[in-house]
Each structure stands twice: as C-alpha cells, then as structure tokens.
Number of protein chains: 2
Amino acid sequence: MNNMKIGVLLSGCGVYDGAEIHEAVMALLAIEEIGAEAVCISIDRDQHHVVDHTSGVEMNETRNMLKESARIARGKIKDIKEVDPADIDALVIPGGFGSAKNFTTWAFNGPDGEILPEVKLMLINLINIGKPIAALCVSPVVLAKALEGSDYHPLLTIGTDQEPSEYDIAGFAGGLEQTGMKTEMKSVREITVDKENRIVTAPCYMMDASILDIRKNVRSAIEALRDLV
Amino acid sequence: MNNMKIGVLLSGCGVYDGAEIHEAVMALLAIEEIGAEAVCISIDRDQHHVVDHTSGVEMNETRNMLKESARIARGKIKDIKEVDPADIDALVIPGGFGSAKNFTTWAFNGPDGEILPEVKLMLINLINIGKPIAALCVSPVVLAKALEGSDYHPLLTIGTDQEPSEYDIAGFAGGLEQTGMKTEMKSVREITVDKENRIVTAPCYMMDASILDIRKNVRSAIEALRDLV
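These notes cover the structure that comes with them. Small disclaimer: the values here were computed from a predicted structure and weren't measured.

Here the focus is the packing of aromatic side chains. Within the structure shown, the criterion is met by four aromatic pairs over all chains. Judged by centre distance (6.3 Å) and plane angle (35°), the ring pair of Tyr16 of chain A and Phe97 of chain A falls under tilted. Here the residue Tyr16 of chain A occupies a position in the loop between β1 (5-9) and α1 (21-33), and Phe97 of chain A occupies one in the loop between β6 (90-93) and α3 (98-103), the gap between them amounting to 81 residues. A residue is classified by how much of its surface remains accessible, and Tyr16 of chain A, at 28% relative accessible area, is partly exposed. What links up through ring pairs into an aromatic cluster is the set Tyr16, Phe97 and Tyr167 of chain A. The ring of Tyr205 of chain A has Arg74 of chain B sitting right over it, with the charged end atom 3.4 Å from the ring centre. Here the guanidinium or amino end of Lys101 of chain B rests over the ring plane of Phe97 of chain B, the centre of that ring lying 4.8 Å away.

Quick look at the structure:
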C-alpha cells in the first residue's frame, strides 16, 4: 500500500521526561522502510517536569512537549489539534516516561491516573473507525487510560517478569488489568498483536535491552501495524 | 575484533542547536551491529544557544551540552575530561548545528571560527596515535578546526553541490580548503575514506535526505571506521 500515513505521537524528547529517543527514531526508520510516511504529532502543553538525564534529578525548568518533540522530528511536527483521525492510517506511540508523566499521570497515580483529553479523544476515535495503534514500551498505559470504561478490552503486553527489567513488570500488568485490559508476558524479542481490536504492543526498553533489540522490536511492531491497516 | 570501543562525541540534542538525533542514534545502532561498544562523550559546557525546533527561533534559555546529550545516551555518558584517547579505539562525531555552534563557531565565523580546546585536544591526540575518526554531516568543520595548522591535510567530504541540499555545499568545501583540508564532492549514498589519515566523512543531512538514507550512510561510515582500526 503506497501513501500509507502513520502518526508518531511524541511526548517530548528524552526517556526520563518525554518520548524515548531510540524508540521514536527506530519507529521513524521502520515507517520509511515499509514504504509509509511518518506524521509526527505532539501536544502544545508543558511537560510534567524536566529531568537532568545525567543524574535523574529534576531541573527547575519548563519545557513544552510540542517544541521538544520537534527535536526528534527535525521540526516537521503537527499539533494534535490539527490532526484529524482521517489524516492518518495508523498511529504509533513510542515509550519514555512522557507517556506516564505527560500523556497520563500513571507514573504518580498508577491506574488511577488521568489522561490528557486530546490524547484520549484521538485514540478512541482511531479505534472506533478501525485504525490500528501500536504502543511501545510503557505506552500501553496510555491505551489503557484511553479505553478504560469502554467496550474495548484489548490484549496488551508491557514486557515479562521472566527476564531482566529495572521495572515492576507484574505491577504494571496488574494496573493494566485493573483498567479493564487483558495482558500477557512477552520478551523484547516478541510483540503482542490483538487483531480484533487492531492493537500492537511491544516491550522495548521496559526490558533490559540493547539498541539492536529495540531496532528489531520496533521494526516488528511497525510491520504488524501495517498488516492491520 | 571484539570489545572495540567507539566514542560518540555529542554536542547536545537536536539538529538546530546540538547533535542531530537521527545521525547520533543511527551511529549507536551501527556500532552495536558491528559488534563494538559505544562510549557516549560530551562537554560540560553550555550550548551556544537554544532553538525552538518548531519555529527555528532562539529561546531565552540555557542548556548544558553534557546534560542534553545524555538524552540521546539514555544517561550513559562521559565528560570529555574523563576520557583518555587510550580508552577508545575510534571516534564518531554526528552532525547537527552543535558541531558548528558549540564545538566550533564555524556557523558564525566560518573557517575563521574557534574550536573548544578540549575537543581539539581529543581529536589531535587520536590522530597522533593512529586512531580513526568519522565525521558525519557538518562535523568535518570540527576536524578542520582541530587539524588546521598541523601536518595533517586529510581528504574530506561535506556533500555535493550536484544534488539537492539546503546548504551552501561549495561554500563549506571552500572553507574546509581554506583551513588546509582537501575536499571532494560526495552524495548521501557515498562516503569519503582517507586511509592515510584514518578519517571517514559522510554527508548525511547536509544533503536533502530521508531517514533511510541516513541509516545507510551512517552504517557505511561506521563500517569504514571499523576497517581503519
């Protein structure tokens, strides 16, 4: 299929306070490799906070998601307000703490957290018209908060507790279940495809992984996303 | 060769005021693909300025190269002061305006610009002990300012004026010649390898290029770098 357009929803620029850069760049690469066109999208709102990535310490600064995400997009990015679900054929949400701090407040309140209304609206609209979504790394929490209370109960993965991870994978999975999602454990060499709900999830950096693992995991997710269009 | 360590010298995080993110991430990927280990390195100094990547307009902010580069490195980065030339087998310098605004002042003063002394020292030391360097995109200007006035007159490319580019390729090449370098025109599908001086250069985003072009151009440069070790 030519001219397939895949939205790439970015929450900033950097793993600890925005979108995970390697996952985002690998998504842009894979989208071009399958002959599709990437449409980078972000939100014109401030990030929850700014983190010094050398120390993990919060900095006394304010940064805007759209402006920071534009670094990954080399300036070519759209405000989510300008994007109609009809404009894209599918959407991918890279990981990074931005998904759990900016798009949702899962990092602070777990499954009881909030989600930005414009993010929820875009995801619900896409699902309602049968357009597929891929959520990488921690981004299944964004899907969960968007679909919570709806008739959609997709099968998602956020990694596996059977292989090394610095995160509480079982805890995240339990939180996803609490919002009405189904979950399964998958390694960074696997993805989960829910064909009925047209949702792809891939563990990526939720697991201890190398950039080559990320490259392969994201490529698999984007290929699966294409096959659901 | 196992355990080959390749330094990745980063000037920030974002094409307009720091390191070009796609080039940097593709370098990290290619380094792992050839079985080597990446050692991310930056400078604990402020960037020249901060640019809003949605508009190109300067922002009233101050950002530190080391802290911003750490976003690309996922926190795993060394201050150049802690890196001895003996610690790495080769070095790659991704592009982005950081090479012409932070490492050097080429963006403002052309070939008459300055270079940070710690950057010059590292490059000269590596060349003196026969360790190869790859300079991507605009980063040949960093090499030129480091080697100016020395006995080294390597052959470099900074792109070609025979294919589309938003930059004045001939002007950049003329500037490089003025500092004592030799230059040749190459497309984004080619690289220049100076075997005698152990220097690789690749046009990358100096040319109008897609992320897939960048992927291939960087991969070629990293393979050539490995072959010079």
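With that settled, consider the relation of the copies chain A and chain B. The transformation that overlays chain A on chain B combines an axial shift of 0.0 Å with a rotation of 180°, and the residual RMSD is 0.0 Å. The operation mapping one copy onto its partner corresponds to a two-fold rotation axis. Taking the C-alpha atom as reference, chain A places Val25 of chain A closest to the rotation axis, 3.6 Å from it. When the interface residues of chain A are mapped onto chain B, 97% of them are again interface residues, pointing to one common binding face.

For the structure on display, the rule yields 26 salt bridges over all chains. Each of the salt bridges in this network shares a partner with another, and the network as a whole consists of Asp17, Glu61 and Arg63 of chain A together with Glu68 and Arg71 of chain B.

All names here are of chain A. Mapping Ile31 onto the fold places it in helix α1. In this structure, the C-alpha to C-alpha distance between Ile31 and Val8, residues 23 residues apart in sequence, is 9.6 Å. Leave out the neighbours within four places in its chain, and Ile31 touches Ile6, Val8, Ala36, Glu37, Ala38, Val92 and Ile222.

Right, let's get into the side chain of Thr157 of chain B. Residue and element names in this part refer to chain B. Mapping Thr157 onto the fold places it in the loop between β8 (155-156) and α7 (169-178). For Thr157, the side chain forms a polar contact with the main-chain oxygen of Glu184, separated by 2.7 Å. Beyond its immediate sequence surroundings of up to four residues, Thr157 is in contact with Pro140, Glu184, Met185, Lys186, Thr192, Thr201, Ala202 and Pro203.

What follows concerns the side chain of Asn102 of chain B. Residues and elements named next belong to chain B. Tracing the backbone shows Asn102 in helix α3 (residues 98-103). Accessibility expressed as a relative area gives 7% for Asn102, which makes it buried. There is a polar contact of 2.8 Å between the side chain of Asn102 and the backbone oxygen of Ser11. A polar contact is formed between the side chain of Asn102 and the backbone oxygen of Asp17, at a distance of 2.9 Å. Discounting residues that sit within four places of it in the chain, Asn102 has contacts with Ser11, Asp17, Gly18, Gln47, His48, Met65, Phe97 and Leu116.

This part covers α7 of chain B. All names here are of chain B. Within α7, the full set of buried residues consists of Ile169, Phe172, Ala173, Gly175 and Leu176. Angular distribution of buried residues about the axis of α7 spans 160°; they occupy a single face of the element. For α7, the secondary structure elements touched by its buried residues are α4 (106-109), α6 (140-147) and β9 (182-183). One or two steps after α7, the chain reaches Gly180, where phi turns positive at roughly 100°.

What follows covers the sheet that holds strand β10 (residues 192-194) of chain B. All names here are of chain B. Taken together, seven strands build an open sheet; the order of strands is β5-β2-β1-β6-β7-β11-β10 and the sheet is mixed. Among the strands making up the open sheet, the edge pair consists of β5 (78-79) and β10. Two strands pair when backbone bridges link them, and strand β7 (residues 133-136) and strand β11 (residues 199-202) are joined in this way by four bridges, in the parallel orientation. Among the inter-strand pairings, Ala135 is bridged to a residue of β11, identified as Thr201. Contacting β1 (5-9), β6 (90-93), β7, β10 and β11, helix α8 (residues 211-228) runs over the sheet at an angle of about 175° to β11.

The next subject is the environment of His53 of chain A. With respect to the secondary-structure elements, His53 of chain A resides in the loop between β3 (50-51) and β4 (58-59). The buried category is assigned to His53 of chain A, whose relative accessible area is 2%. With near-sequence residues (within four places) excluded, His53 of chain A lies in contact with Gly14, Val15, Tyr16 and Asp17 of chain A together with Lys67, Ala70, Arg71 and Gly75 of chain B. Within the structure, His53 of chain A has its side chain in polar contact with the backbone nitrogen of Val15 of chain A (distance 3.3 Å). Within the local environment of His53 of chain A, its side chain forms a polar contact with the backbone nitrogen of Tyr16 of chain A, the two atoms lying 3.0 Å apart.

Attention now goes to the sheet that holds β1 of chain A. Residues and elements named next belong to chain A. Taken in spatial order, the seven strands of this open sheet run β5-β2-β1-β6-β7-β11-β10, and their pairing is mixed. Single-partner strands in this sheet number two, and they are β5 (78-79) and β10 (192-194). Helix-sheet contacts for helix α5 (residues 117-128) involve β1, β2 (37-42), β6, β7 (133-136) and β11 (199-202), and the interaxial angle to β6 is about 140°. On top of the sheet, helix α8 (residues 211-228) reaches β1, β6, β7, β10 and β11; it is set at about 175° to β11, its chief contact.

Parameters and conventions
Residues numbered from 1 in each chain as written. Chains lettered and ligands numbered in written order. Predicted model: local features only at pLDDT ≥ 70, side-chain atom pairs only at ≥ 80, totals over all residues. Heavy atoms only, no water. Phe/Tyr/Trp six-rings, centres within 6.5 Å; stacked < 30°, edge-to-face > 60°. Helix = DSSP H or I, 4+ residues; strand = E, 2+ residues; numbered from the N terminus. Buried < 20%, exposed > 50% of the residue type's maximum accessible area, 1.4 Å probe, protein only. Lys NZ or Arg CZ within 6 Å of the ring centre and 35° of its normal. Least-squares fit on C-alpha atoms with pLDDT ≥ 70 in both. Contact = heavy atoms within 4.5 Å. Salt bridge = Lys/Arg side-chain N within 4 Å of Asp/Glu carboxyl O. Polar contact = N/O pair within 3.5 Å; in protein donor to acceptor, adjacent residues only side chain to side chain. Arc of directions from axis to C-beta. Pairing = 2+ DSSP bridges. Axes fitted to C-alpha atoms, helices over the stretch in contact; angles between N-to-C directions.

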